[in-house]
2 protein chains.
Amino acid sequence: MSSMGTPANIFWQECSVGKSDRQKLLKQKGCVVWITGLSGSGKSTLACTLGRELHGRGNLAYILDGDNLRHGLNKDLGFKAEDRAENIRRVGEVAKLFADAGLICIASLISPYRRDRDACRALLPDSSFIEVFMNMPLELCESRDPKGLYKLAREGKIKGFTGIDDPYEPPLNCEIELSPDNGVCPSPCTMAGQVATYLEEKGFLHDE
Amino acid sequence: MSSMGTPANIFWQECSVGKSDRQKLLKQKGCVVWITGLSGSGKSTLACTLGRELHGRGNLAYILDGDNLRHGLNKDLGFKAEDRAENIRRVGEVAKLFADAGLICIASLISPYRRDRDACRALLPDSSFIEVFMNMPLELCESRDPKGLYKLAREGKIKGFTGIDDPYEPPLNCEIELSPDNGVCPSPCTMAGQVATYLEEKGFLHDE
């Protein structure tokens, strides 16, 4: 048992089973796949398809969906600026725990601001935060409008909606960017395959 | 994709890989082992020893330590009553996610109030919340005082310290109670073995 000193009276408990032991058990390396993009850009669909793909390969993945977490961990948070930042911070902290547990944690959130995403990246060890940017045109996302939210935003019934009256800041340094090819959006399977190939090549899907 | 209706504009994303699929992959069943008791009662030591025991059996466990989380997810929280309740609520919500991911999640927190622990229990599916009560006499905990906190509390330098000037409410319905036998405290290995045996007998360490 050792003390970190800050904050006062809170001690850091070290345990003898560590991340590397869990990774050996799981035969994979813990990491965070952070999917960012506009509402309707296909984040949740990619998360699910990637989850299936990884499970099919025998890897343990877990999805943290921004909307789902608002029913539980983040149910005390609303949509004003500081609540949105806190929402993302908490998901980042939980994603860090899952990666430490050895899982491939797939986080799916609009997370429109660069500073919030970069703060989550900073929580993770080197190169284990994989930012996936769903770079889909607003027109495409709005034409899909799977939850009817763009319509409400256009009618002024939702304020501060990303892409309409609140900005989306595209990543400057994301690991993977997914976008339409000659105006055609790749299928979820194609995109999930691209992310899985990245994880495979970077060694996350094995323990050696 | 289906709507739950509450809160407005937040949808619930269902995925085709579910808890039972992850449990098959891991060959175990997700659950939460919630260790409660006074400071110095041996919660963290039991958590670590149990973690080692389960890892040795090839099971995937992950420890959520109340103090450790105050450096990350809960670093915005202090020690006033509502912050303590929120601290426990968040650990309960995260523990629920880990159990849903298929892990044996070991949560170690003083969690002195029955209502807070019962709220966490209510988050988990039937019988997958296993409350472990470290029923150690205050005198024993205070004589150990591994973090020097009882001394500070007795000197009045920490206010609202559980067992000194704030109550600990013992569980009424815990699954496992650990206490000294004829005045002798069982070893961490003995106690961890008792919890592991419980998990084994209840079927959590296998997928069938």
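Keep in mind it's a predicted model, so treat the numbers as computed, not measured. Each chain has its residues counted from 1, running along the sequence as written. For naming, the first written chain is A and the first written ligand is 1, with later ones following in the order written. Only residues with pLDDT of at least 70 are given local features in this predicted model, and only at 80 or more are side-chain atom pairs given and counted; all residues enter the totals for whole chains, interfaces and linings. Each side-chain value is derived from all of the structure's non-hydrogen atoms; neither hydrogens nor water enter the calculation.

**A word on the overall build of chain A**
This is how the line gets drawn: Only DSSP runs of H or I covering at least 4 residues are called helices, and only runs of E covering at least 2 are called strands; the numbering of each starts at the N terminus. Exposure classes here rest on a 1.4 Å probe applied to the protein chains alone. A residue is buried below 20% of its type maximum, exposed above 50%, and partly exposed in between. Residue contacts are defined here by distance: any two heavy atoms, one from each residue, within 4.5 Å place the two residues in contact. Using a 1.4 Å probe, accessible areas were evaluated by the Shrake-Rupley method; residue-level cover was limited to the displayed protein chains.
Scanning chain A from terminus to terminus reveals eight helices and five strands. Taken from N to C terminus, the helices and strands of chain A fall in the order α-β-α-β-α-α-β-α-β-α-α-β-α. The principal-axis extents of the C-alpha atoms in chain A amount to approximately 55 × 40 × 30 Å. Out of the 208 residues in chain A, the part that is buried amounts to 51%. Sequence separation of at least 24 residues holds for 75% of the intrachain contacts in chain A that already meet a minimum separation of 6. Carbon and sulfur atoms provide 51% of the accessible area of chain A, an area that totals close to 9,000 Å².

**Thoughts on the packing of aromatic side chains**
Note the threshold: Side-chain rings of Phe, Tyr and Trp, where Trp is taken by its six-membered ring, are said to pair if the distance between their centres is within 6.5 Å; with planes under 30 degrees apart they count as stacked, over 60 as edge-to-face, and otherwise as tilted.
Tallying each qualifying case throughout the model produces nine aromatic pairs over all chains. Geometrically, the ring pair formed by A:Tyr150 and A:Phe161 is edge-to-face, given 5.1 Å between the ring centres and 85 degrees between the ring planes. Of the two residues, A:Tyr150 is situated in helix 7 (residues 149–154) and A:Phe161 in the loop between helix 7 and strand 5 (176–178); the sequence distance between them amounts to eleven residues. Considered together, A:Tyr150 and A:Phe161 belong to a single accessibility category, that of buried residues. Ring pairing ties together the aromatic residues A:Tyr62, A:Phe98, B:Tyr62 and B:Phe98, which thus form one cluster.

**Considerations on the nonpolar core**
Our working rule: For our purposes a nonpolar core is just a set of buried Ala, Val, Leu, Ile, Met, Phe, Trp, Tyr and Cys residues, chained together by side-chain atoms within 4.5 Å.
Formed by 46 residues in total, the largest nonpolar core has its most connected members in A:Leu64, A:Phe98, B:Leu64 and B:Phe98. Those elements that provide at least two residues to this core are strand 1 (31–37), strand 2 (61–65), helix 4 (81–100) and strand 3 (104–108) of chain A together with strand 1 (31–37), strand 2 (61–65), helix 4 (81–100) and strand 3 (104–108) of chain B. In this structure, B:Phe98 is in contact with A:Leu97, A:Phe98, A:Ala101, B:Tyr62, B:Leu64, B:Leu103 and B:Cys105, ignoring residues within four places of it in sequence.

**Observations regarding the side chain of B:Thr36**
Residue and element names in this part refer to chain B. Let me state the cut-off plainly: Polar contact is defined as a pair of N or O atoms within 3.5 Å, subject to the rule that within protein one atom must be able to donate a hydrogen and the other to accept it, and that residues adjacent in sequence are counted only when both atoms are side-chain atoms.
Along the chain, Thr 36 turns up in strand 1. Assessed through its relative accessible area of 0%, Thr 36 is described here as buried. From its side chain, Thr 36 meets the backbone oxygen of Ser 111 in a polar contact 3.3 Å long.

**Looking at unusual backbone geometry**
For residues besides glycine, phi is generally negative; the peptide bonds are generally trans as well. Residue and element names in this part refer to chain B. Positioned with a positive phi, Lys 27 is a non-glycine residue whose angle comes to about 55 degrees. Mapped onto the secondary structure, Lys 27 falls in the loop between helix 1 (19–26) and strand 1. A relative accessible area of 54% means that Lys 27 is categorised as exposed. The phi angle at Asn 182 is positive, at roughly 50 degrees, despite the residue not being glycine.

**Section: the sheet that holds strand 3 of chain B**
Sheets are built from strands paired through backbone hydrogen bonds, the pairs being either parallel or antiparallel. All names here are of chain B. Here is the rule: Strand pairing follows a simple DSSP-based rule, namely that at least 2 bridges must link the two strands. A fitted line through C-alpha atoms represents every axis, and for helices the fit uses only the stretch in contact; the resulting angles, taken between N-to-C directions, go from 0 to 180 degrees.
The sheet built from five strands is open, its strands ordered 2-3-1-4-5 with parallel pairing. With partners counted over all chains shown, the strands left at the sheet margins are strand 2 and strand 5 (176–178), one partner each. Across the sheet, the mean angle from the axis of one strand to that of its neighbour is 20 degrees, orientation sign disregarded. Of the strand pairs in this sheet, strand 1 and strand 4 (residues 129–134) are connected by six bridges, and their pairing is parallel. Within strand 4, the residue paired with Val 33 across the bridge is Ile 130. Sheet contacts for helix 8 (residues 188–201): strand 1, strand 3, strand 4 and strand 5; angle to strand 5, the most-contacted strand, approximately 170 degrees.

**What about the side chain of B:Ser128?**
Of note, B:Ser128 is situated in the loop between helix 5 (114–123) and strand 4. Excluding residues that lie within four positions of it along the chain, B:Ser128 makes contacts with B:Gly30, B:Cys31, B:Val32 and B:Phe204.

**Observations regarding the UniProt feature "domain: APS kinase" (unreviewed entry) in chain A**
Basically, it comes down to this: UniProt positions are given in the numbering used here, feature names are shortened, and annotations may be inferred rather than shown by experiment.
Feature annotation in UniProt assigns "domain: APS kinase" (unreviewed entry) to the following positions: residues 29–178 of chain A. Along residues 29–178 of chain A, the helical share is 41% and the strand share 17%, with 23 Å between the first and last C-alpha atoms.

**So, helix 1 of chain B**
Every α-helix winds through 3.6 residues per turn, so residues three or four apart in the chain are directed the same way. Note the threshold: What the arc measures is the spread of directions leading from the helix axis to the C-beta atoms.
Restricting attention to buried positions, one finds in helix 1 of chain B the residues B:Arg22, B:Gln23 and B:Leu26. Take helix 1 of chain B and look down its axis: the buried residues cluster within an arc of 105 degrees, on one side only. Taken together, the buried residues of helix 1 of chain B touch helix 1 (19–26), helix 2 (43–56) and strand 2 of chain A together with helix 4 of chain B. Of the residues one or two after helix 1 of chain B, B:Lys27 is the one with positive phi, at around 55 degrees.

**Quick word on the pairing of strand 4 (residues 129–134) of chain A**
Burial analysis of strand 4 of chain A places six of its six residues in the buried class, which makes it a mostly covered element. Going residue by residue along strand 4 of chain A, you find A:Phe129, A:Glu131 and A:Phe133 tucked away on one face and A:Ile130, A:Val132 and A:Met134 tucked away on the opposite face as well.

**Notes on the sheet that holds strand 3 of chain A**
All names here are of chain A. The five strands are arranged 2-3-1-4-5 in an open sheet whose pairing can be described as parallel. Each end of this open sheet is capped by a strand with a single partner; those strands are strand 2 and strand 5. Put simply, the sheet's adjacent strands are angled 20 degrees from each other on average, direction ignored. The sheet contact formed by strand 4 and strand 5 spans three bridges and is parallel. Its bridge partner being in strand 5, Phe 133 is matched across the sheet by Glu 177. Here helix 5 (residues 114–123) sits on the sheet in contact with strand 1 and strand 4, set at roughly 155 degrees to strand 4. Sheet strands in contact with helix 8 (residues 188–201) are strand 1, strand 3, strand 4 and strand 5, and its direction is about 170 degrees off that of strand 5.

**A word on helix 5 of chain A**
All names here are of chain A. Every buried residue of helix 5 is listed here: Asp 116, Arg 117, Cys 120 and Arg 121. The buried side chains of helix 5 occupy one side of the element, clustering within an arc of 140 degrees when seen end-on. The exposed set on the far side of helix 5, more than 90 degrees from its buried face, consists of Arg 115 and Ala 122. Of the surrounding elements, those touching the buried residues of helix 5 are strand 1, helix 4 and strand 4.

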